[in-house]
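Fold and contact review
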Amino acid sequence: GPVFAIVGRPNVGKSTLFNRLTGSRRSIVGDEPGITRDRIYGEVRWNGHTARLVDTGGIVPDDEALIPSEIFRQARVALEEANAIVMVVDGRTELAAPDIDLARLLLKTGKPLFLAVNKIDTVALDATAENFRRIGIHNLVPISAEHGHNIGDLLDEVFAVLPFGNEEAE
Ligand code: GDP
């Protein structure tokens, strides 16, 4: 069935969002011993459809030279199998180069990319939104993973692009 992935730097709220979307329907998958955080899969049910969600763990492209290796070592499988990607950023922090680098890399996959601007319970969206629009990301959804704001909007947008085929709604 369809799969979508959560990607983002540490502390932006990926785990909080993952837990909110999946509840306790999850499993930890590790195929490379020694990597601190393996991929975690969960199940998301929305509007009668079920998709799998994969949390790619901490991708930390702090050093430009490390971006490909980090992405492709830790998250390659997740990104390859994903039908859509949700990049999470912390709306409170100023947009940093690593965020832009990561976003550009994700855009290159050609997969539907949604930018979840998290923690909007604490911040105004405008500056962050403008920065990402400038590099070509227009699918912005302001959310609060912790408080649940706009989670339905995010799921509406993501599920609209997932390939459910002719599967009947449950
Ligand atoms: P991860 O490292 O990306 O998985 O981030 P976590 O899910 O562990 O969250 C990092 C911190 O941000 C935690 O202290 C969360 O409680 C906090 N956090 C997550 N979502 C929100 C939110 O919507 N609003 C606020 N104010 N804090 C949040």
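These numbers were taken from a predicted model, which means no experiment stands behind them.

Glancing now at the overall build of the protein chain. Summing up its helical and strand segments, the protein chain has six helices and seven strands in all. Along its sequence from the N terminus, the protein chain presents helices and strands in the succession β-α-β-β-β-α-α-β-α-β-α-β-α. By residue count, 45% of the 170 residues in the protein chain fall in the buried class. Counted over contacts in the protein chain with a minimum sequence separation of 6, partners at least 24 positions apart contribute 69%.

Let us look at the packing of aromatic side chains. One pair of aromatic rings is described through two measures. These are the centre distance and the angle between the planes. A complete count under the given rule lists two aromatic pairs for this structure. The interplanar angle of 75 degrees and the centroid separation of 6.1 Å between the aromatic rings of F4 and F159 together place this pair among those described as edge-to-face. Linking F4 in strand β1 (residues 3-7) with F159 in helix α6 (residues 151-161), this pair joins segments that are 155 residues apart in sequence. Each member of the pair, F4 as well as F159, is classed as buried. Taken together through their ring pairs, the aromatic side chains of F4, F159 and F164 make up a single cluster.

This part is about unusual backbone geometry. Even without being glycine, N47 reaches a positive phi, approximately 50 degrees. The residue N150 is not glycine, and still its phi comes out positive at about 65 degrees. Topologically, N150 is positioned in the loop between β7 (140-142) and α6. Classification of N150 as partly exposed rests on a relative accessible area of 30%.

Around the ligand sit 15 residues, and of these N11, S15, T16, S144 and E146 come closest. Here an oxygen atom of the ligand and a backbone polar atom of V12 are 3.3 Å apart. For the ligand, the accessible surface in isolation is 580 Å², of which the surrounding protein chains cover 74%. Of the residues contributing to the shell around the ligand, the split by class is three nonpolar, seven polar and five charged.

Turning to α6, its buried residues number three or more, namely I151, L154, L155, V158 and F159. Within α6, the buried residues cover an arc of 120 degrees as seen down the axis, which keeps them to one side.

Taken as a whole and judged by the stated rule, the model has three salt bridges. As a salt-bridge pair, R45 and E43 come within 2.8 Å of each other at their nearest N and O atoms. Two residues, R92 and D90, come together in a salt bridge whose shortest N-O distance is 3.4 Å. With relative accessibility at 8%, the residue D90 sits in the buried group. Several salt bridges converge on common partners, so that one network encompasses D90, R92 and K119.

Quick notes on the rules
Residues numbered from 1 in each chain as written. Predicted model: local features only at pLDDT ≥ 70, side-chain atom pairs only at ≥ 80, totals over all residues. Heavy atoms only, no water. Helix = DSSP H or I, 4+ residues; strand = E, 2+ residues; numbered from the N terminus. Buried < 20%, exposed > 50% of the residue type's maximum accessible area, 1.4 Å probe, protein only. Contact = heavy atoms within 4.5 Å. Phe/Tyr/Trp six-rings, centres within 6.5 Å; stacked < 30°, edge-to-face > 60°. Near = heavy atom within 4 Å. Polar contact = N/O pair within 3.5 Å; in protein donor to acceptor, adjacent residues only side chain to side chain. Areas by Shrake-Rupley, 256 points an atom, 1.4 Å probe, with all protein chains shown as cover. Nonpolar A, V, L, I, M, F, W, Y, C, P; charged D, E, K, R; others polar. Arc of directions from axis to C-beta. Salt bridge = Lys/Arg side-chain N within 4 Å of Asp/Glu carboxyl O.

Take it as geometry only, folks, not as evidence of what the structure does.
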